[in-house]
Amino acid sequence: MPTALITGITGQDGAYLSKLLLQKGYRVVGLLRRSASADVVGERLRWLGIRDEVELVDGNITDLSSLIRIVETIKPDEVYNLAAQSFVGSSWQQPILTGNVTGMGTTNILEAVRIVKKDARFYQASSSEMYGLIQEPMQSEKTPFYPRSPYAVAKLYAHWMTVNYRESFGIHASSGILFNHESPLRGIEFVTRKVTDGVARIKLGLASKLQLGNLDATRDWGYAPDYVNAMYLMLQQEKPDDYVIATGRTTSIRDFCKIAFSYAGLNYEDHVVTSSDLFRPAEVEVLLGDASKARKKLNWAPTVTLEEMVAEMIEADLARHRNEKQA
Ligand code: NDP
Ligand code: GDP
């Protein structure tokens, strides 16, 4: 039975990836950082019904000694590094923590692998945010990077460290440059989930307005369960490499609102208000990915449309709020 170590197991992707690997017969071990709210931390794993099937071990991506101990103890065949301060907005409020966790944390886990288990296969969660001020209309593995936030700068450092450990030490280390991907388990601070949650509240009479920032930015939004499958596929290749994972369709926040509100029979213009407080110090205006390489080499393709995903997210948020109301 192969063993996978997942950092960031309590996040959106960690939960879906765990489910996928369990289905494939893996032993799944996750790094869990100590929290005073341990009872709610496993919420996403519980939502997927797999909380008791994964093993959680105490450690922190900023604590190299904990990572060495864990890699020594569990001897993983595959390591998926998903742990990060992952929210761009917070990265301006906490730039140093973001650098330590999202950037240096990657070096810590790469070091643990290099020192203790060099033949483990390694996945790094790189991000389309690294393209920032885009240098080409469609971004591929060959497009130059231009990060526009402390988060993106930290991810770019981690990305190049992964490439370096591959080239310097021969580690089977791959980077997935994933464009935004969403699901009912997406963090509530991200715009898609904020909108679907807002739609559900408004539909149920719990709110009447939804405050957002820049509606004109566009994103290439995919479906998280499709994207964790791409992570898995990357580590099954004979040679490690970097791959863009994207749908090839970009949609503005405004159009996302139109789709989401109209799914619930509402008009977004009656409810969405914009606030300059929610605009960012520097914006990534457009992201649009070219995943031709992944399609060809990994035989990967998205399976769910934006409209289908929005419907699933709104239904889940409606169910959550109905349950809360009844409780
Ligand atoms: P989430 O924010 O949902 O999950 C982040 C995870 O990192 C959580 O499990 C969190 O734990 C953990 N974490 C944070 N700080 C530490 C720490 N100091 N030590 C150990 N663990 C820590 O992110 P997603 O699941 O959405 O994304 C997964 C990865 O992919 C992230 O690296 C993200 O930056 C990257 N990415 C995501 C994209 C997306 O659209 N979702 C696009 C491109 C890249 P806790 O629950 O305790 O907070
Ligand atoms: P990101 O691409 O990782 O930054 O994902 P987000 O979902 O946080 O943001 C996507 C885009 O939505 C960015 O261009 C934001 O400026 C824009 N946006 C507009 N209003 C909001 C809002 O209220 N919250 C968030 N998170 N983003 C918003």
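This one's a predicted model, so the numbers in the text were calculated from it and none came from an experiment. (Residues numbered from 1 in each chain as written. Chains lettered and ligands numbered in written order. Predicted model: local features only at pLDDT ≥ 70, side-chain atom pairs only at ≥ 80, totals over all residues. Heavy atoms only, no water.)

**Describing the sheet that holds strand β5 (residues 121-127)**
Now for step 1: Taking strand neighbours across the sheet as the criterion, the 7 strands line up as β3-β2-β1-β4-β5-β6-β11 in an open arrangement whose pairing is parallel. The open sheet has two free edges, formed respectively by β3 (55-58) and β11 (242-245), since each of these has just one partner strand. On average, adjacent strands in this sheet sit at an angle of 20° to one another, irrespective of strand direction.
Now for step 2: Direction of pairing for β5 relative to strand β6 (residues 173-178): parallel, over a ladder of 6 bridges. Paired with phenylalanine 122 across the strands is alanine 173, a residue of β6.
Now for step 3: Across the face of the sheet, helix α1 (residues 12-23) comes into contact with β1 (3-7), β2 (27-32) and β4 (78-81) while running at roughly 175° to β1. (Pairing = 2+ DSSP bridges. Helix = DSSP H or I, 4+ residues; strand = E, 2+ residues; numbered from the N terminus. Axes fitted to C-alpha atoms, helices over the stretch in contact; angles between N-to-C directions. Contact = heavy atoms within 4.5 Å.)

**Here we look at the side chain of glutamate 111**
Now for step 1: Of note, glutamate 111 is situated in helix α6 (residues 95-116).
Now for step 2: Dropping the residues within four chain positions of it, glutamate 111 is found in contact with Leu64 and Tyr165.

**Focus on the site of ligand 1**
Now for step 1: Around ligand 1, the surrounding shell holds 25 residues, and the nearest of these are Thr10, Asp13, Arg33, Ser86 and Tyr151.
Now for step 2: Within the backbone of aspartate 13, a nitrogen or oxygen atom sits 2.8 Å from an oxygen atom of ligand 1.
Now for step 3: The contact in question runs from a nitrogen atom of ligand 1 to an N or O atom on the backbone of isoleucine 61, over 3.1 Å.
Now for step 4: Relative to its unbound accessible area of 910 Å², ligand 1 is 88% covered by the protein chains.
Now for step 5: For the shell around ligand 1, the secondary-structure elements that each account for two or more residues are α1, β5 and α7 (150-169).
Now for step 6: Counting residues per element, the shell around ligand 1 draws most heavily on β5, which supplies 3 residues. (Near = heavy atom within 4 Å. Polar contact = N/O pair within 3.5 Å; in protein donor to acceptor, adjacent residues only side chain to side chain. Areas by Shrake-Rupley, 256 points an atom, 1.4 Å probe, with all protein chains shown as cover.)

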